[in-house]
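Close look at the chain arrangement
Chain by chain, the residues:
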Amino acid sequence: MSTKKIITDSGIEIKETYSKNDSINYDESSAGEFPFTRGVQSSMYRGKLWTMRQYAGFSTAEESNKRYHYLLNQGVSGLSVAFDLPTQIGYDSDHPLADGEVGKVGVAIDSIEDMEKLFDGIQLEKVSTSMTINSTGFILLAFYVALAKKQGADLRNISGTIQNDILKEYAARGTYIYPPKPSMRIITDIFEWCSKELPKWNTISISGYHIREAGSTAAQEIAFTLSNGKAYVKAALEKGLDINVFGKRLSFFFNAHNNLFEEVAKFRAARKMWASIMKDLGATDDKAMMLRFHTQTGGSTLTAQQPKNNITRVTIQTIAAVLGGTQSLHTNGYDEALSLPTEEAATIALRTQQIVAHESGMADTVDPLAGSYFVESLTSEIEKKASEIIDTIDAMGGSVTAIENGFIQDEIAKSAYEYQQRIESKEKIIVGVNSFISSEHEKIKGLKIDEEIQKTQTDKLRLLKSSRNNERANSILEKLAAVAKTSENLMPTVIEAVENFCTLGEIADVLRKEFGEYK
């Protein structure tokens, strides 16, 4: 027998062999039945494949629109929008703090006019759109709704997701604007408004992705994410919302890394844990207890060295997400450690999903790894570790307190440091980075963003403000400031503001003045 000790990044020791005795906690319920360990739909991909998305957005709305039409023609079944940093933190493109960042890591959206150009030729009733946006998510949702109305769409048929997960911004990513309490107020306003006006819209995508990108383990990823989810649910309950209504529109966003079996076990454990959490919080409708999730392959696993190796990494991660039962998937381009993905890289990433879906046989049966002694044992181990972390956070008073105290941030930083130490000591091998190194460096032509974009956006803003009814725009911004002082829902006034050509930065600034900024 081997004496070699193998431990996953979550600290779970992997035995040499597994037997029936290792999976005594095996959940024998079927897919589509509480606690949904095996999947949220009884037939899973036999009934409908996961939504194949490609995360795209760069430069101007016009340039991103071209990429969307290209991806739709290549067979994507849903769009996923990346926004530039100024848009994410509530600054228009002409703001001094936007200098040098306009259109760089995503598309610049300053007004309803930009949103109209972004979706030119795309009927919003016929496409599902995911928008990776948090502190300004309510404004981007308002732009989207205003555009849908302009297209003559029935809002009851509009489907998609805004990420809208501010707690993970405080814990792991940093694109926050307002302090936690007013931020939570905005989120529950979105829950309330969408439950009445936009019933098919997923009002939040509670994100473990960025927590993992910041350096957490797989067990920490689901623990911190589900704990944040509990905080959102409790905030909505305190507002008097019905858990069986808003609970159905909650969705999650997870990362897929390279340890295939640990990742599959993570997804299965997360479903089981969330079902119990929601039941304990008062949900009685099965659909309000289901953990539905989008997956993105691991950006932090991509290497700038030997970048074409990333195609293999993304394939493994795709398989993990599919075997784990994802509802939606984005696959990264092999060149994303170097630049935004080129058209070629985005196409290969999409084809990876299509090959797994149509050629591998993985979609032919529900939860193919169920009953595996190893996978069932690993699912239980992940659940145990994640539950212990959640118990610790609960004892502190929940996620908001744990974030304010720096607990979650410190735990992520500690895991990231330990992971890096394992790479440097070669305890963990990263092909092409600390082992199997090539002296030849392959030249990859990355996607370059035109530096003139900021001027283009600034010129558009100047024209917008000179041609709109400024008296009307200022009046609505004053109304928004007044509404912010009350407990009235913010969404109707924000939608009115964008319909009257108020900009993202103007709306964000009104609330900066009323709510303050988080430091």
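The coordinates are above.
Only a predicted model underlies this, so the values are computations on that prediction, with no experimental measurement involved. (Residues numbered from 1 in each chain as written. Predicted model: local features only at pLDDT ≥ 70, side-chain atom pairs only at ≥ 80, totals over all residues. Heavy atoms only, no water.)

Looking only at helices and strands, the protein chain features 20 helices and 11 strands. Along the first, second and third principal axes, the C-alpha set of the protein chain runs to 80 × 60 × 45 Å. Counting the 519 residues in the protein chain, one finds 57% classified as buried. Intrachain contacts of the protein chain at a sequence separation of at least 6 include 78% that bridge at least 24 residues. Accessible surface, the protein chain as shown: approximately 21500 Å² in total, 49% of it carbon and sulfur. For the protein chain, the centre of its 58 positive side-chain charges and the centre of its 69 negative side-chain charges are spaced 2 Å apart. (Helix = DSSP H or I, 4+ residues; strand = E, 2+ residues; numbered from the N terminus. Buried < 20%, exposed > 50% of the residue type's maximum accessible area, 1.4 Å probe, protein only. Contact = heavy atoms within 4.5 Å. Areas by Shrake-Rupley, 256 points an atom, 1.4 Å probe, with all protein chains shown as cover. Lys, Arg positive; Asp, Glu negative; His and termini not counted. Charge placed at Lys NZ, Arg CZ, Asp CG, Glu CD.)

What follows is about the nonpolar core. Ranked by size, the top nonpolar core spans 81 residues in total, and within it F119, M131, F138 and I507 carry the most contacts. Take this core: its biggest share by element is 11 residues, from helix α4 (residues 137-150). When near neighbours in sequence (up to four residues on either side) are disregarded, F138 contacts Y178, I186, I190, M491, V494, I507 and L511. Judged by nonpolar contacts, the second largest core, of 58 residues, contains F36, F191, V233 and I389. (Core = buried A, V, L, I, M, F, W, Y, C linked by side-chain atoms within 4.5 Å.)

Size it by volume and the second largest pocket reaches roughly 1000 Å³. Contributing to the lining of the second largest pocket are 41 residues, with K48, T51, N202, R292 and Q327 lying nearest its centre. Contributions of two or more residues to the lining of the second largest pocket are made by β3 (51-56), β5 (129-132), β6 (160-162), β9 (250-256) and β10 (293-297). (1 Å grid on protein atoms, 1.4 Å probe; cavity = no way out; pocket = protein on both sides within 12 Å on 5 of 7 lines; lining within 4 Å. Points joined across faces, edges and corners; volume = space filled by probe spheres on them.)

Summed over the entire model, instances satisfying the criterion amount to 18 aromatic pairs. Here Y18 and F374 contribute two aromatic rings whose centre-to-centre distance is 4.9 Å and whose plane-to-plane angle is 40 degrees, an arrangement assigned as tilted. Here Y18 is found in the loop between β2 (13-14) and β3, whereas its partner F374 is found in helix α14 (residues 373-396), with 356 residues between them in sequence. Residue classification places Y18 among the buried residues on the basis of a relative accessible area of 18%. A residue is classified by how much of its surface remains accessible, and F374, at 21% relative accessible area, is partly exposed. Ring centres 5.3 Å apart and planes at 50 degrees place the aromatic pair Y144 and W201 in the tilted group. Placement of Y144 in helix α4 and of W201 in strand β7 (residues 201-202) is noted, with a sequence separation of 57 residues between them. Comparing Y144 with W201 shows no difference in burial state: the two are buried. Taken together, the aromatic side chains of F252, F254, F267, W274 and F293 make up a single cluster linked through ring pairs. Lying over the aromatic face of Y18, K15 brings its terminal NZ or CZ to 5.5 Å of the ring centre. (Phe/Tyr/Trp six-rings, centres within 6.5 Å; stacked < 30°, edge-to-face > 60°. Lys NZ or Arg CZ within 6 Å of the ring centre and 35° of its normal.)

For the structure shown, the criterion picks out six cavities of 30 Å³ or more. Here the largest cavity defines a volume of roughly 70 Å³. Taken together, N134, S135, F138, N164, I166, Y178, S183, I186, I187 and I190 make up the full set of residues lining the largest cavity. For the lining of the largest cavity, the element with the highest residue contribution is helix α6 (residues 180-197), accounting for four residues. Of the residues assigned to the lining of the largest cavity, the class counts are six nonpolar, four polar and no charged. (Nonpolar A, V, L, I, M, F, W, Y, C, P; charged D, E, K, R; others polar.)

Judged by how many residues are buried, strand β4 (residues 78-82) sits mostly within the fold: five of five residues are covered. With four bridges joining them, β3 and β4 adopt parallel strand pairing. Residue pairing in the sheet places A56 in a bridge with V81 of β4. For the segment spanning β3, helix α1 (residues 61-74) and β4, crossover handedness is right-handed. The pairing of β4 with β5 spans four bridges and is classified as parallel. Of the residues in β5, the one forming a bridge with V81 is M131. (Pairing = 2+ DSSP bridges. Right-handed = clockwise from strand over helix to strand, strands pointing away.)

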